Every structure is written in structure tokens, then in C-alpha cells.
Amino acid sequence: MAMAWVWTGMAVVSLLFGIITGNIGQIGTAALDGAAAAVELCLSMAGVICLWTGVMEMMNRCGLSALLARLFRPFLRRMMPRSSQDEETLSAISANISANLLGLGNAATPLGIRAARRMARGADGTATDELCLLVVLNTASIQLLPTTIAGVRAAHGCRTPFDILPAVWFSSVLSVGAGLLMAKILSKLWRT
């Protein structure tokens, strides 16, 4: 709801300044150009999303995503001991992290929601430390293949959309590390 007010406020301020400065025609032209660019970007991103969703489906069918999820289980059992007692919850968390690792945020979101719902059962409406860790891992995920960003770059004419990989790896490892550290510190401070 807050974002609706922000966007409405931006549109109203733009219109007011357009009227005051006499540039209302340019605002209309910019709005139409922006809408056309948004449609073009959506169409080009649809192709990228279809491609990587197909890759994820192939990984699922050949068992590669299940293997990747199994690799995370020892780590997740230490990080989330209560949630890892339920095999379905652990499976959803592992698949969520695997999808995020591959840069498939669209596929990771439903898995993260399923894991969060399972983790929230019996929590009386209060987020547990493990649920907060899941949110941190989901939000600040390490991405080996930033497919969405590469797709946006390719849609805007970049000839080497994956040349950002070292920067993405470095920044995503830093963000996950900082997020996990802060989640652990805050969980200890909150209890005292």
C-alpha cells in the first residue's frame, strides 16, 4: 500500500511541475515512451524467463537440482535445526536456495513461500529466528548465474551480459555474510 502512495505522489508532483513549467506535453510524451519501453522489456524478459525456466525444468528432470539441494542439507541442518526436522520444509528450503543460487528468483519465490508457511506453523504469528534466517537467505542470496540481470542487460543491447559475474559473486557473498551475521547478532540481542 505504501508503494501505491509513493507512485501516486511521484505522478502528481511530475504533473504539477509540468503544468508550472509549461512542459505538460513533454510529460505526456515521456509517459508514452516509458510505457512502450516497459512493454518491450517485458517481452524480451519473457523469452529469458522461458529459457531459464526450461533449464530449471531440465535440471529437475535429470536430478541435478535435487543433487544441489542435497548438498545444502548439512549446512541447513546446522543453521535451522528445528525446521530441518520436517523433511518437506527442509526440501523446500533447499530447493529455494538452489533456485536462488542459479539466479532463478521467479522459481525460488514459490518455494520460499512454501517453506515460510511450513516454518510459521505453530509460531503464533511471530517470526522465529529460523524464519528470519530464511528471509535473509532468500533476500540476499548468492547467485552463480544472475540470469534476470543478464536478461535485462541483453534486452538493452549489451553484447556481454554475463561480464558482471565477478562483481555479482563478490557482492552476493558479502550480502549473505552480512545478513547472516546481523541475523545471528540480532537474534541474540533480542532474547536478552
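Above: the structure in question.
Residues numbered from 1 in each chain as written. Predicted model: local features only at pLDDT ≥ 70, side-chain atom pairs only at ≥ 80, totals over all residues. Heavy atoms only, no water.

(A) Summary view of the overall build of the chain. Counting its regular elements, the chain contains eight helices and zero strands. Counting from the amino terminus, the chain carries its helices and strands in the arrangement α-α-α-α-α-α-α-α. Its C-alpha radius of gyration of 21 Å places the chain more than 25% over the 16 Å reference for a compact globule of 192 residues. Overall size of the chain, expressed as C-alpha extent along the three principal axes, is 65 × 45 × 30 Å. (Helix = DSSP H or I, 4+ residues; strand = E, 2+ residues; numbered from the N terminus. Rg over C-alpha atoms; globule rule 2.2 N^0.38 Å.)

(B) View of the nonpolar core. By size, the foremost hydrophobic cluster in this structure holds 27 residues, and its most contacted members are Leu76, Met80, Ile93, Leu134, Leu137 and Leu180. Where this core is concerned, the elements lending two or more residues are α3 (64-79), α4 (87-101), α5 (105-120), α6 (129-139) and α8 (165-191). In terms of residue count, the dominant contributor to this core is α4 (six residues). Here Met80 is in contact with Ile93, Met119, Glu130, Leu133, Leu134 and Leu137, once residues within four sequence places are set aside. (Core = buried A, V, L, I, M, F, W, Y, C linked by side-chain atoms within 4.5 Å. Buried < 20%, exposed > 50% of the residue type's maximum accessible area, 1.4 Å probe, protein only. Contact = heavy atoms within 4.5 Å.)

(C) Representation of helix α1 (residues 2-21) in the model. If you check α1, its first and last C-alpha atoms are 28 Å apart, about what 20 residues at 1.5 Å a residue would give, namely 28 Å. One or two residues past the end of α1 sits Gly22, with phi positive at roughly 80°. (Expected span 1.5 Å × (residues − 1).)

(D) Layout of α4. Under the 1.5 Å per step criterion, the end-to-end length of α4 is 21 Å for 15 residues, consistent within 8% with the ideal 21 Å. Of all the residues in α4, the buried ones are Thr89, Leu90, Ala92, Ile93, Ser94, Asn96, Ile97, Ser98, Ala99, Asn100 and Leu101.

(E) Main features of the packing of α4 against α6. Interaxial distance between α4 and α6 falls to 9 Å at its minimum, and their mutual angle equals 20°. One finds that α4 runs roughly parallel with respect to α6. The handedness of the crossing between α4 and α6 is left-handed. Between α4, through Ile93, Asn96, Ile97 and Asn100, and α6, the contact on the second element is made entirely by Leu134, Leu137 and Asn138. The residue inventory of the contact of α4 with α6, partitioned by class, reads four nonpolar, three polar and no charged. (Axes fitted to C-alpha atoms, helices over the stretch in contact; angles between N-to-C directions. Parallel < 35°, antiparallel > 145°, perpendicular 65-115°, else oblique. Left-handed = near helix turned anticlockwise from the far one by under 90°. Nonpolar A, V, L, I, M, F, W, Y, C, P; charged D, E, K, R; others polar.)

(F) Region of interest: the environment of Val135. Mapped onto the elements of the fold, Val135 is located in helix α6. Judged by relative accessible area, which is 46%, Val135 ranks as partly exposed. Along the primary structure Val135 and Val6 are separated by 129 residues, whereas in three dimensions their C-alpha atoms are 25 Å apart.

(G) View of the pattern of salt bridges. Following the criterion strictly, the structure yields one salt bridge and no others. With a closest N to O distance of 2.6 Å, Arg153 and Asp163 form a salt bridge. Within this pair, whereas Arg153 is found in helix α7 (residues 147-155), its partner Asp163 is found in the loop between α7 and α8, the two being separated by 10 residues in sequence. The exposure class of Asp163 is partly exposed, given its relative accessible area of 47%. (Salt bridge = Lys/Arg side-chain N within 4 Å of Asp/Glu carboxyl O.)

(H) Here's a closer look at a nonpolar patch on the surface. Taken together, the side chains of Leu181, Met182, Ile185, Leu186 and Leu189 make up a nonpolar region of the molecular surface, amounting to roughly 470 Å² of accessible area. Within the secondary structure, Leu189 is located in helix α8. (Patch = residues over 30% accessible without salt bridge, like charges linked within 9 Å, V, L, I, M, F, W, Y side chains within 5 Å. Areas by Shrake-Rupley, 256 points an atom, 1.4 Å probe, with all protein chains shown as cover.)

(I) Quick peek at the side chain of Ser141. Assignment of secondary structure puts Ser141 in the loop between α6 and α7. Discounting residues that sit within four places of it in the chain, Ser141 has contacts with Asn100, Ser172 and Val176.

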